[in-house]
Amino acid sequence: MTGGTDRTDGTGTAERETVAGARETARADARLRRRIGSADSVRVRLDTGVTAPATARRWTGLAGALVSDDPRVPRDRPYAVLGGPGTGKTSLLLDTLVAYLRGGGDPAGVMVVTPSKEAAADLRGRLTDLLCSGGAVGTGRSDLPDYAATGTPVRSVHSWAFSLLRAVAQIRDEPLPRLMTGADHDLLIRSLLCGNAEDSTGSWPERIRPALPLVGFARQLRDLLLRAEERGVGPEQLTELGHRHGIDMWVGAGDFLRESRRVVRLSGSHALNVSELLHRVLDELENTPEGSRILDRQRSTVRLLLVDDAHNLDPASARLLDLLTVPGARTLVAGDADQCVFHFRGADEDYLTGLSADADHRVVLSRSHRLGTAAVTAVNRLGRLLPPSPTRVPVRVPGQGTADGTDPGDTAPDLVVRRAPSATAERLSVADAVRRAHVTDGVDWNRIAVIHALRRTLLSHGVPVKVDPTSVVLAEQPLVSSLLLALDALVRPLTVAELQQLIESPVGGADPVMLRRMERSLAPVTAGTGMRA
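Residues numbered from 1 in each chain as written. Predicted model: local features only at pLDDT ≥ 70, side-chain atom pairs only at ≥ 80, totals over all residues. Heavy atoms only, no water.

**So, the pattern of salt bridges**
Link 1 in the chain: Following the criterion strictly, the structure yields 22 salt bridges and no others.
Link 2 in the chain: We note a salt bridge from Arg-72 to Asp-70, for which the minimum N-O separation is 2.7 Å.
Link 3 in the chain: The class of Asp-70 is buried, set by a relative accessible area of 16%.
Link 4 in the chain: In this structure, Arg-227 engages Asp-223 in a salt bridge whose closest nitrogen and oxygen atoms are separated by 2.6 Å. Taken together, the positions of Arg-227 and Asp-223, both in helix H7 (residues 215–230) and 4 residues apart, correspond to about one turn of that helix.
Link 5 in the chain: Via salt bridges that share partners, Arg-172, Arg-280, Glu-284 and Glu-290 belong to a single interconnected network. (Salt bridge = Lys/Arg side-chain N within 4 Å of Asp/Glu carboxyl O. Buried < 20%, exposed > 50% of the residue type's maximum accessible area, 1.4 Å probe, protein only. Helix = DSSP H or I, 4+ residues; strand = E, 2+ residues; numbered from the N terminus.)

**Details of helix H4 (residues 117–132)**
Link 1 in the chain: If you check H4, its first and last C-alpha atoms are 22 Å apart, about what 16 residues at 1.5 Å a residue would give, namely 22 Å.
Link 2 in the chain: When we look at burial in H4, the residues that qualify are Ala-120, Leu-123, Leu-127 and Leu-130. Down the axis of H4, the buried side of the element spans an arc of 80°, and every buried residue falls inside it.
Link 3 in the chain: Structurally, H4 contributes buried residues whose contacts are with helix H3 (89–102), strand E2 (110–114) and strand E3 (154–156). (Expected span 1.5 Å × (residues − 1). Arc of directions from axis to C-beta. Contact = heavy atoms within 4.5 Å.)

**Observations concerning the nonpolar core**
Link 1 in the chain: Val-113, Val-281, Val-307, Leu-320 and Tyr-351 are the most contacted members of the largest nonpolar core, which totals 38 residues.
Link 2 in the chain: Here the element with the most residues in this core is helix H5 (residues 157–172); it accounts for 8 residues.
Link 3 in the chain: Ignoring sequence-local partners within four residues, the contact set of Val-307 consists of Leu-93, Val-113, Leu-313, Leu-321, Leu-332, Val-333 and Ala-334.
Link 4 in the chain: In terms of nonpolar packing, the next biggest core, distinct from the first, is built from 27 residues, Val-67, Leu-93, Leu-123 and Leu-332 among them. (Core = buried A, V, L, I, M, F, W, Y, C linked by side-chain atoms within 4.5 Å.)

**Observations regarding the confidence of the model for the protein chain**
Link 1 in the chain: Taken over all residues, the pLDDT of the protein chain has a mean of 81, while the share at 70 or more is 81%.
Link 2 in the chain: No element of the protein chain has a lower mean pLDDT than helix H1 (residues 2–36), which averages 59, and none a higher one than strand E6 (residues 304–307), which averages 95.
Link 3 in the chain: The low-confidence segment residues 1–8 (pLDDT under 50) makes 0 contacts with residues lying over four places distant or belonging to another chain.
Link 4 in the chain: Long-range and interchain partners of residues 34–54, a stretch whose pLDDT sits below 50, account for 16 contacts in this model, where long-range means more than four residues apart. (pLDDT = per-residue confidence, 0-100.)

**Remarks on the packing of helix H8 (residues 235–245) against helix H9 (residues 248–266)**
Link 1 in the chain: The N-to-C vectors of H8 and H9 enclose an angle of 170°; their axes lie 7 Å apart at closest approach. Here H9 runs roughly antiparallel to H8, going by the angle between their axes. The segment H8 lies against H9, with Pro-235, Glu-236, Leu-238, Thr-239, Leu-241, Gly-242, His-243 and His-245 engaging Trp-250, Val-251, Ala-253, Gly-254, Asp-255, Leu-257, Arg-258 and Arg-261.
Link 2 in the chain: Among the residues forming the contact of H8 with H9, the class breakdown is 7 nonpolar, 5 polar and 4 charged. (Axes fitted to C-alpha atoms, helices over the stretch in contact; angles between N-to-C directions. Parallel < 35°, antiparallel > 145°, perpendicular 65-115°, else oblique. Nonpolar A, V, L, I, M, F, W, Y, C, P; charged D, E, K, R; others polar.)

**Structural notes on the packing of aromatic side chains**
Link 1 in the chain: According to the stated counting rule, one finds 2 aromatic pairs in the structure shown.
Link 2 in the chain: Seen from their ring centres, Trp-204 and Phe-217 are 5.6 Å apart, and the 80° between their planes marks the pair as edge-to-face. In this pair, Trp-204 sits in the loop between helix H6 (182–199) and H7 while Phe-217 sits in helix H7, placing the two residues 13 residues apart along the sequence. Residue Trp-204 shares its accessibility class with Phe-217, and that shared class is buried. (Phe/Tyr/Trp six-rings, centres within 6.5 Å; stacked < 30°, edge-to-face > 60°.)

**Focus on the sheet that holds strand E7 (residues 330–335)**
Link 1 in the chain: Strand order across the open sheet formed by 6 strands is E3-E2-E6-E7-E1-E8, with parallel pairing between neighbours. This sheet does not close on itself; its edge strands, each paired only once, are E3 and strand E8 (362–365). For this sheet the average axis-to-axis angle between neighbouring strands, irrespective of direction, equals 20°.
Link 2 in the chain: Direction of pairing for E6 relative to E7: parallel, over a ladder of 4 bridges. Across the sheet, residue Leu-304 finds its bridge partner in E7, namely Arg-330. (Pairing = 2+ DSSP bridges.)

**Focus: a nonpolar patch on the surface**
Link 1 in the chain: A cluster of nonpolar side chains, namely Leu-484, Leu-487, Leu-490 and Val-491, defines an oily patch on the protein surface of about 460 Å² accessible area.
Link 2 in the chain: For Leu-484, the location among the structural elements is in helix H17 (residues 478–488). (Patch = residues over 30% accessible without salt bridge, like charges linked within 9 Å, V, L, I, M, F, W, Y side chains within 5 Å. Areas by Shrake-Rupley, 256 points an atom, 1.4 Å probe, with all protein chains shown as cover.)

**A closer look at the layout of surface pockets**
Link 1 in the chain: Quantified by volume, the second largest pocket comes out at close to 610 Å³.
Link 2 in the chain: For the lining of the second largest pocket, the elements supplying multiple residues, two or more each, are H5, H6, H7, H9, strand E5 (271–272) and helix H10 (274–287).
Link 3 in the chain: When its residues are assigned to classes, the lining of the second largest pocket shows 15 nonpolar, 8 polar and 8 charged. (1 Å grid on protein atoms, 1.4 Å probe; cavity = no way out; pocket = protein on both sides within 12 Å on 5 of 7 lines; lining within 4 Å. Points joined across faces, edges and corners; volume = space filled by probe spheres on them.)

Right, here's the structure in full:
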């Protein structure tokens, strides 16, 4: 009896302590919510979203020596890493970086360079996954030492160039430069073109003047000016080329480029577009004492220089990397000349080809870990139809060693060629294949890519479509164009098509059924007036 009473009292005491603890927790939670202005309970959860791969990557030969920083490997010049799609070029760079950090390397001495900001963002994500998974793919270990860095080591070549230019401006105590956005550059060009059209100024041919206010002409002109500036062609050179080859459009474009530069200087703006940024940095680093100081400081810091997708770099980017390459520092340049698809933006694979000429400083990766048998066969057969290239590496499937890198007995349908009788049938065939892959094969939507302008067809068949917002001009994005059209309606009457577009836009919020009801309601009012609802 006494023992039972003791147990009851102990239980009651424990319950009271539990209630008191819960109340104290609730009061602390309420105080925290009042501090941050939240009406809900505060829950903090750290989720890296990383699942370590099942197997670790193992590198052998020269690739393994570069990853492990074997002291027997000379560092007198950069090493070219060559390979087809999915052969592990980027993975080799990442493993080299992680091994460097695990060995106690200074993060400030790392430069990872990509040709674009999109590629840099993707590489940063993969690096984060590696670091969060323990720093070694598939090991599950957490032996990566703690380290701190002042910034990310993975940047686009333009981001590295901009940081060097800002450093030069800081030494001179000048206003810091800023990068001109695509929208700003487009607005400047369109404003100047409208002025040329209204005032009949500029050196444009008479047959072209009616096109000056048009958006399409402004875009084509902007693309021409960017390509010229990427190649270091200024207004005088562009005008001279126009006279030499009898192309009057180039003469007008050269005069327009000179005018736009004067307008920017007179405005007191220190904005630069991406194309002229690299040439401005190269001029500062090579021809000014302040630039030489910044270059020497950067070169003395670099211990590991990694370049990904080098085939998409333009000549100015290659010159900048040559300046930053230091004998004695590990330098790996990865790429595949056959994957250079940005020639229209000034890309040139000569930088990669020149580095790969030395067989002693060349790493060849031929085993594809991404493509299936049929895709490997298609890649190799297509490669044989292209002009000969010293950097081309035939791709093979892991564990297979036939001439095409394939196994004749393997008929996995990873590559299917379909020929449609019409454009409509082609679109429907693609939509059908995408839906079957998701519904029948269980492929997630975000794992499916369609390289074609089929957005409307896919949406009509219930396929969610995600378009890269950077590939669409800001003024043409649906929400922005609707807002601009709504503002335009305040100063001028809209056409019937524009009014319908505004009503069906996110601003109007009407669907086709609601629009039809509106037309029926307005029909009696407009009857006999000659107007159409």
